[in-house]
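Chain and residue survey
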Amino acid sequence: MRLDAGRLRAMIHKEFRVLLRNRFIIGTMAVLPLIFLATPMIEIFRLSPGVPAIVVQRLAGSTFLLLLVIPVIVPAAISAYSVVGEREQGTLEPLLTTPLRREELLLGKAVAAFVPSVAISYLLFVLVIVCAQLFASNPAVASALVQSSQLVGEFLFAPLLAGWSIWVGIAVSSRASDVRVAQQLGTLASLPPLVVVALIDLQILTPSVGLALVFGLVLLIADVLMYRVVSGMFDRERLLTGAPTRGRRSHSPVA
Amino acid sequence: MASGRSGTSPRPTAAPPALEVNHLTKRFGERLAFEDVSFTVSPGEVFGFLGPNGAGKTTTVRTLGTLIAPTSGSAVVAGIPLTADNGTEIRQRISIMPENPGLYLRLTVIENLELFAGLYGLRNPRPRIDQALEAVNLGARGRDLCGSLSKGLRQRVGLARALLSNPEIMFLDEPTSGLDPVAAREVHDLINELRRRGVTVFLTTHRLEEAERLCDRVAILNTRLRSVGRTEELRESLFSRSLAVETATPLEAPDVIFKQGTGVEGWRSDDPTHYVLNVSDPRVAAPAIIRALVAAGVDVISIAEARHSLEDVYLELIDEDPEAASR
């Protein structure tokens, strides 16, 4: 992979600038996490001191599950917009006429979606723990939230799930002809890895540091494979004309 | 090098061509975009690329700009062969301004240009950005959001962006589209300035008078290249030379007058007092015709060489083409 740091920096800088001025994206990044945060916070505060331990464990599990939905849906919304949004605005072609390589374009877009998504996820995770420690009427809740397997799972899964979601979103965005369709399909296609997370958090699979690490490794491999798939399907001729490159090897505009 | 009917050599130069295109063809599946296109463009030349809608002009530009892979044929762009591995290097040496400038509307003019300066690897880009904005008379609008600019101003930002990297070849796709006459004239001045600086300009336009005024040579494309050459050469190859004569009253015996050793090879009259005379050499024929008219007691209002415009050339070439007629 040949990368030019200056071009990559320019691309990331632009992506952040555009994201920060896009009210729809900012709204999505702000509102969705709050929705997913509201329910577990209410449950944590409502839980009385005398409830059985299994109830506390289930509440902690469902809280983590909801917190791990955030690094899936927030980057999906951003990355699904990334290519089809450029095409709709007519900015894709000028971008492709520059020396920018395919890898630089994809990584630039991925970083711009990854950083805010993971930052929001971690921030909310810390916020939930702090609130539980300070305000929960049942002290067992705070203890359940800081179990080592949960902590490893949260900090490990959030970036890996975000990575998966980003590449899936960009893949959908490269083929979609409409931003909303891309965002709906991108979000939907990002969800499958959450099934395993749900099984762990709901203790159908017994949570442990080892299991979290194994699943983290599987997710990492899936992220790398998905990047390769996206890179391979990033056909500029299709992006510009709707027709895939045929015949001889293409003059990749961003290669 | 042209495959068209009146292909001629570009202006003589010792330098290698800025663009050399040989039998380039592009198909999208069964659909033919353009076929067997060959021409060369010299360094510093302003080359016009004309043709009806769907003729393949934009696809040709995209192909030469490494955005689309040709189906067959070859090209050398800014001295670099058009191959899969040379895309980045070619794009570093050229710039393309699409018909729609495609600006980030939520970013300011300067922020848009900063992005492209970064993508072209310009160090300390601010002076270059200021120069580009001054060149398109947008020095005072740098901090404006692109979304707040009129179409004409956005077009100028697109031009400033194309100037940023100091390219060897600029591909301009309808650069005056949507501009008022004053703004269009500023773009023309800018293109002339680029010519003086030795930048090769590949100009796609529908404005034939613009091409006639600005371009050293023009190519007329209609899926296949119909013709390449200087406007004057195209005129001479397509039309015989003629004189337009206006008289105060209709001539009673035009055949008799025009065939009195005046060198007139044929004539037609579109209205009773206007005559178009085909001649081989207007400088020789005009005095003889005036003498013959005066001798016949005719009051001559005017006599001038009838010039065929590039539009006449274009329509003549396109009308000959049954495919164009069906578009």
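Per chain, the residues get numbers from 1 upward, laid out in the order the sequence is written. Naming scheme: in the order in which they are written, chains are lettered from A and ligands are numbered from 1. Totals for whole chains, interfaces and linings use every residue, but because this is a predicted model, local features are given only for residues with pLDDT of at least 70 and side-chain atom pairs only at 80 or more, for both listing and counting. By convention in this description, side-chain values take in all heavy atoms of the structure and omit both hydrogens and water.

**A closer look at the overall build of chain B**
Along the backbone of chain B there are twelve helices and 14 strands. With the C-alpha coordinates aligned to their principal axes, the bounding extent of chain B is approximately 75 × 45 × 40 Å. Only heavy atoms matter for contacts: two residues are in contact if any of them lie within 4.5 Å across the pair. Considering only residue pairs separated by 6 or more positions, chain B has 70% of its internal contacts joining residues 24 or more positions apart. Exposure was quantified through the Shrake-Rupley algorithm and a 1.4 Å probe, taking into account, for residues, occlusion by the shown protein chains and nothing else. Here chain B has roughly 14,100 Å² of accessible surface; of this, 48% comes from carbon and sulfur atoms. Here chain B holds 37 positive side-chain charges and 43 negative ones, and the gap between their average locations is 7 Å. A run of DSSP states H or I qualifies as a helix once it reaches four residues; a run of E qualifies as a strand once it reaches two. Both are numbered from the N-terminal end. When charges are counted, Lys and Arg contribute as positive and Asp and Glu as negative, whereas His and the chain ends are disregarded. We put the charge of a Lys on NZ, of an Arg on CZ, of an Asp on CG and of a Glu on CD.

**Digging into the sheet that holds strand β11 (residues 242–247) of chain B**
Residue and element names in this part refer to chain B. Reading across the sheet, the four strands line up as β12-β13-β11-β14 and stay open at both edges, with antiparallel pairing between neighbours. Either end of the sheet is taken by a strand with one partner, and the two such strands are β12 (264–271) and β14 (300–306). Geometrically, the sheet is characterised by an average inter-axis angle of 20 degrees between neighbouring strands, direction not taken into account. Strand pairing requires that DSSP identify at least two bridges connecting the strands. Sheet topology note: the β12/strand β13 (residues 274–279) ladder contains five bridges and is antiparallel. Paired with Trp267 across the bridge in β13 is Leu277. Simply put, an axis is a line fit to the C-alpha atoms, just over the touching stretch for a helix, and the angle between two N-to-C directions goes from 0 to 180 degrees. Sheet contacts for helix α10 (residues 282–295): β11, β12, β13 and β14; angle to β11, the most-contacted strand, approximately 25 degrees.

**Quick word on the sheet that holds strand β6 (residues 94–97) of chain B**
Residue and element names in this part refer to chain B. If you walk across this open sheet you meet the six strands as β6-β7-β8-β3-β9-β10, and the pairing is mixed. Of all the strands in the sheet, just β6 and β10 (224–229) have a single pairing partner and so form its edges. Between one strand axis and the next, the sheet turns through 15 degrees on average, direction left out of account. With respect to the sheet, helix α6 (residues 181–196) is in contact with β3 (46–50), β7 (169–173) and β8 (200–204), its orientation differing from that of β8 by roughly 150 degrees.

**Quick look at the pairing of β6 of chain B**
Residue and element names in this part refer to chain B. Alternating positions in β6 separate into two faces, Ile94 and Ile96 on one and Ser95 and Met97 on the other, with burial throughout. Of the pairings in the sheet, the one linking β6 to β7 comprises four bridges and is parallel in character. Within the sheet, the bridge partner assigned to Ser95 lies in β7 and is Met170. Each residue gets one of three labels from its accessible area relative to the maximum for its type: buried under 20%, exposed over 50%, partly exposed in between, using a 1.4 Å probe on protein chains only.

**With respect to the environment of Gln133 of chain A**
All names here are of chain A. Summarising the element assignment, Gln133 is placed in helix α5 (residues 102–135). Look at Gln133 and you get partly exposed, because its relative accessible area is 47%. On a C-alpha basis, the gap between Gln133 and Ser79 in space is 35 Å, while along the polypeptide they are 54 residues apart. In contact with Gln133, not counting residues within four places along its chain, are Ala142 and Val146.

**Focus on the nonpolar core**
Ranked by size, the top nonpolar core spans 132 residues in total, and within it Leu95, Leu145, Phe157 and Trp167 of chain A carry the most contacts. Considering every element that reaches this core, the biggest residue donor is helix α3 (residues 53–89) of chain A, with 17 residues. Those residues in contact with Phe157 of chain A that sit more than four places away from it in its chain are Leu68, Val152, Ala162, Val197, Ile200, Ala212, Phe215, Gly216 and Leu219 of chain A. Of all hydrophobic cores here, the second largest spans 30 residues; its members include Ala18, Val37, Val41 and Leu64 of chain B. Put simply, buried Ala, Val, Leu, Ile, Met, Phe, Trp, Tyr and Cys residues joined by side-chain atoms within 4.5 Å make one nonpolar core.

**A short note on unusual backbone geometry**
All names here are of chain B. The backbone of Asn124 shows a phi angle near 45 degrees, a positive value even though the residue is not glycine. Structurally, Asn124 can be placed in the loop between α3 (109–119) and α4 (126–135). Overall, the relative accessible area of 59% leaves Asn124 in the exposed class. Notably, Asn137 is not glycine yet its phi reads approximately 55 degrees, a positive angle. With respect to the helices and strands, Asn137 occurs in the loop between α4 and α5 (151–164).

**Some thoughts on the pattern of salt bridges**
Residues and elements named next belong to chain A. Salt bridges, as used here, are contacts in which a Lys or Arg side-chain nitrogen is within 4 Å of a carboxyl oxygen on Asp or Glu. Counted according to the given criterion, the structure contains 20 salt bridges over all chains. Across the pair Glu15 and Lys14 runs a salt bridge, and its minimum N-O distance is 2.6 Å. Among the residues examined, Lys14 registers a relative accessible area of 3% and is labelled buried. Ionic pairing is found between Lys14 and Glu86, a salt bridge with its closest N-O pair at 2.6 Å. Taken together, the residues Lys14 in helix α1 (residues 5–20) and Glu86 in helix α3 connect sequence positions 72 residues apart. For Glu86, a relative accessible area of 4% gives the class buried. Salt bridges linked by common partners bring Lys14, Glu15, Glu86 and Lys109 together as one network.

**Some remarks on a nonpolar patch on the surface**
Residues and elements named next belong to chain A. On the surface, Phe45, Val126, Val130, Leu134, Phe135 and Phe155 cluster together into a nonpolar patch covering about 570 Å² of accessible area. Tallying contributions element by element places α5 first for the nonpolar patch, with four residues. Along the chain, the position of Phe155 falls in helix α7 (residues 148–175). What makes a patch is a set of residues exposed beyond 30% relative accessible area and free of salt bridges, joined within 9 Å when like-charged and within 5 Å when nonpolar (Val, Leu, Ile, Met, Phe, Trp, Tyr).

**A look at the packing of α3 of chain A against α7 of chain A**
Residues and elements named next belong to chain A. It is at 7 Å that the axes of α3 and α7 come closest, and there the two elements cross at 25 degrees. What the angle tells us is that α3 and α7 run roughly parallel. The handedness of the crossing between α3 and α7 comes out as right-handed. As a working rule, the residues Ala, Val, Leu, Ile, Met, Phe, Trp, Tyr, Cys and Pro are called nonpolar, Asp, Glu, Lys and Arg charged, and the rest polar, with Gly in that last group. Its residues assigned to classes, the contact of α3 with α7 comprises 18 nonpolar, eight polar and three charged. If an angle is under 35 degrees, it is roughly parallel; if it is over 145, roughly antiparallel; if it lies from 65 to 115, roughly perpendicular; otherwise it is oblique. Helix crossings are classified by the rotation of the near helix relative to the far one: an anticlockwise turn of less than a right angle makes the crossing left-handed, while a clockwise turn makes it right-handed.

**Things to note about the side chain of Ser174 of chain A**
Residues and elements named next belong to chain A. Here Ser174 shows up in helix α7. Ser174 sits in the buried class, given a relative accessible area of 4%. Leave out the neighbours within four places in its chain, and Ser174 touches Val83, Arg87, Phe234 and Leu239.

**Considering the confidence of the model for chain B**
Residues and elements named next belong to chain B. The predictor reports its confidence for every residue as pLDDT, a score running from 0 up to 100. Looking at chain B as a whole, its pLDDT mean stands at 86, while 91% of the residues score no less than 70. Note on residues 1–10: pLDDT is under 50 here. Beyond four places in sequence and across chains, it has 36 contacts. Overall fold confidence (pTM) sits at 0.80, and the ipTM for the predicted complex is 0.83.

**Details of the interface of chain B and chain A**
Taken together, the contact pairs 39 residues of chain B with 38 residues of chain A. Taken over both partners, the interface formed by chain B and chain A buries close to 3,400 Å², and the fraction arising from carbon and sulfur atoms is 56%. Applying the counting rule to chain B against chain A returns five salt bridges. Note that Glu111 of chain B and Arg21 of chain A form a salt bridge whose closest N and O atoms lie 2.6 Å from each other. Polar contacts here mean pairs of N or O atoms no more than 3.5 Å apart (in protein, one a potential hydrogen donor and the other a potential acceptor; neighbouring residues in sequence count only if both atoms are side-chain atoms). Linking chain B to chain A there are nine residue pairs in polar contact (both at pLDDT 80 or more). Those elements that place two or more of their residues in the side of chain B that touches chain A are β1 (19–28), β4 (72–77), α2 (87–93) and α3 of chain B. Ranked by residue count, the leading element in the side of chain B that touches chain A is α3 of chain B, at six residues. Its residues assigned to classes, the side of chain B that touches chain A comprises 19 nonpolar, twelve polar and eight charged. Buried area: the accessible area, evaluated with a 1.4 Å probe, that two parts lose upon being put together, summed over both parts.

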